[in-house]
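These are the residues of each chain, in order.
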Amino acid sequence: MNISSQKTIQTALSHLDSDGDITMVDVSGKIATTREARAQGQVIFPAIIYEQIKAADGMTKKGSITQTAHIAGIMAAKRTHDLIPLCHPLPLDKIGLNFEYDDSQNSITVTATVKVTHKTGVEMEALTAVSIACLTIYDMTKAISHDIIINNIHLMNKTGGKSDYQHA
């Protein structure tokens, strides 16, 4: 890659300054607006394990899979700035998680919605909530099987700020 290409990439990345050094984004000049992000991920089980989990209504010896993952997802969203070095700590207005059993894929789909009125978005908080909720489901069920796949964690949409986004 030539120097010109490197400079173009560096100026496009918000966490690099003009010299290519890591920096936290300065949001002091931005206006606080309502911002919302929704992310999703999937935990896929072997068919026989999925049927056992569903038949037990998600209850294991450790407790409810989805209730525990729900709390873990909320806690994770609130602590995103502690996990991802350059994220701003945010006073979150709303964190919602939804868990949906999908019989066709032997999976549980996790969706997180995070909302804030602030100068920066909440995409990382929504993605962190989904990631940790999926990991918690894995942890709650790994005693039954390790053939569990966490898949397709992605941002679905975001609103507010400079631009909106909708996953294609």
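Residues numbered from 1 in each chain as written. Predicted model: local features only at pLDDT ≥ 70, side-chain atom pairs only at ≥ 80, totals over all residues. Heavy atoms only, no water.

*Asks:* I tried to follow the sheet that holds strand 6 (residues 149-159) on my own but got confused; where do I start?
*Replies:* Strands in a sheet are paired, the pairing made by backbone hydrogen bonds, and the direction either parallel or antiparallel. Reading across from one edge, 4-5-1-6-7 is the order of the five strands in this open sheet, with antiparallel pairing throughout. Sheet topology places strand 4 (94-102) and strand 7 (165-166) at the edges, where each strand pairs with a single neighbour. One ladder, built from twelve bridges, connects strand 1 (residues 33-44) with strand 5 (residues 107-118); its direction is antiparallel. Directly across from Val43, in strand 5, lies its bridge partner Ile108. Running at roughly 25 degrees to strand 1, helix 5 (residues 123-141) makes contact with strand 1, strand 4, strand 5 and strand 6 of the sheet. (Pairing = 2+ DSSP bridges. Helix = DSSP H or I, 4+ residues; strand = E, 2+ residues; numbered from the N terminus. Contact = heavy atoms within 4.5 Å. Axes fitted to C-alpha atoms, helices over the stretch in contact; angles between N-to-C directions.)

*Asks:* Honestly, the UniProt feature "domain: Molybdopterin cofactor biosynthesis C (MoaC)" (unreviewed entry) in the protein in this entry has me stumped. Any pointers?
*Replies:* Taking the numbering used here, the UniProt-annotated feature "domain: Molybdopterin cofactor biosynthesis C (MoaC)" (unreviewed entry) corresponds to residues 24-161. What you have in residues 24-161 is 33% helix and 35% strand, and the ends, taken at the C-alpha atoms, are 17 Å apart. (UniProt positions renumbered as here; feature names shortened; annotations may be inferred.)

*Asks:* Hey, could you run me through the layout of surface pockets in this one?
*Replies:* Empty pockets left among the atoms are what a rolling probe the size of a water molecule brings to light. Approximately 630 Å³ is the volume found for the largest pocket. As for the largest pocket, its lining consists of 24 residues, of which Ser14, Lys30, Thr120, Gly121 and Glu123 are closest to the centre. The greatest single-element share of the lining of the largest pocket, amounting to three residues, is contributed by helix 5. Considering only residue class, the lining of the largest pocket consists of eight nonpolar, nine polar and seven charged. (1 Å grid on protein atoms, 1.4 Å probe; cavity = no way out; pocket = protein on both sides within 12 Å on 5 of 7 lines; lining within 4 Å. Points joined across faces, edges and corners; volume = space filled by probe spheres on them. Nonpolar A, V, L, I, M, F, W, Y, C, P; charged D, E, K, R; others polar.)

*Asks:* Just checking my understanding: could you explain the pairing of strand 4 for this structure?
*Replies:* Residues in a regular strand point their side chains to alternate faces of the sheet. Of the strand pairs in this sheet, strand 4 and strand 5 are connected by nine bridges, and their pairing is antiparallel. Residue pairing in the sheet places Phe99 in a bridge with Val110 of strand 5. Between strand 4 and strand 5, which pair antiparallel one after the other, the connecting turn spans four residues, and Asn106 there sits at a positive phi close to 50 degrees.

*Asks:* Would you mind going over the packing of helix 3 (residues 65-78) against helix 5 with me for this structure?
*Replies:* To characterise two packed helices, one gives the angle between the axes of the helices and the distance between these axes. Two elements in contact, helix 3 and helix 5, have axes separated by 7 Å at closest approach and are oriented at 145 degrees. For helix 3 against helix 5, the interelement crossing comes out right-handed. Packed against helix 3, whose contacting residues are Ile65, Thr68, Ala69, Ala72, Gly73, Ala76 and Ala77, the element helix 5 presents Glu125, Thr128, Ala129, Ile132, Ala133, Thr136, Ile137, Met140 and Thr141 at the interface. Split into classes, the residues belonging to the contact of helix 3 with helix 5 amount to ten nonpolar, five polar and one charged. (Left-handed = near helix turned anticlockwise from the far one by under 90°.)

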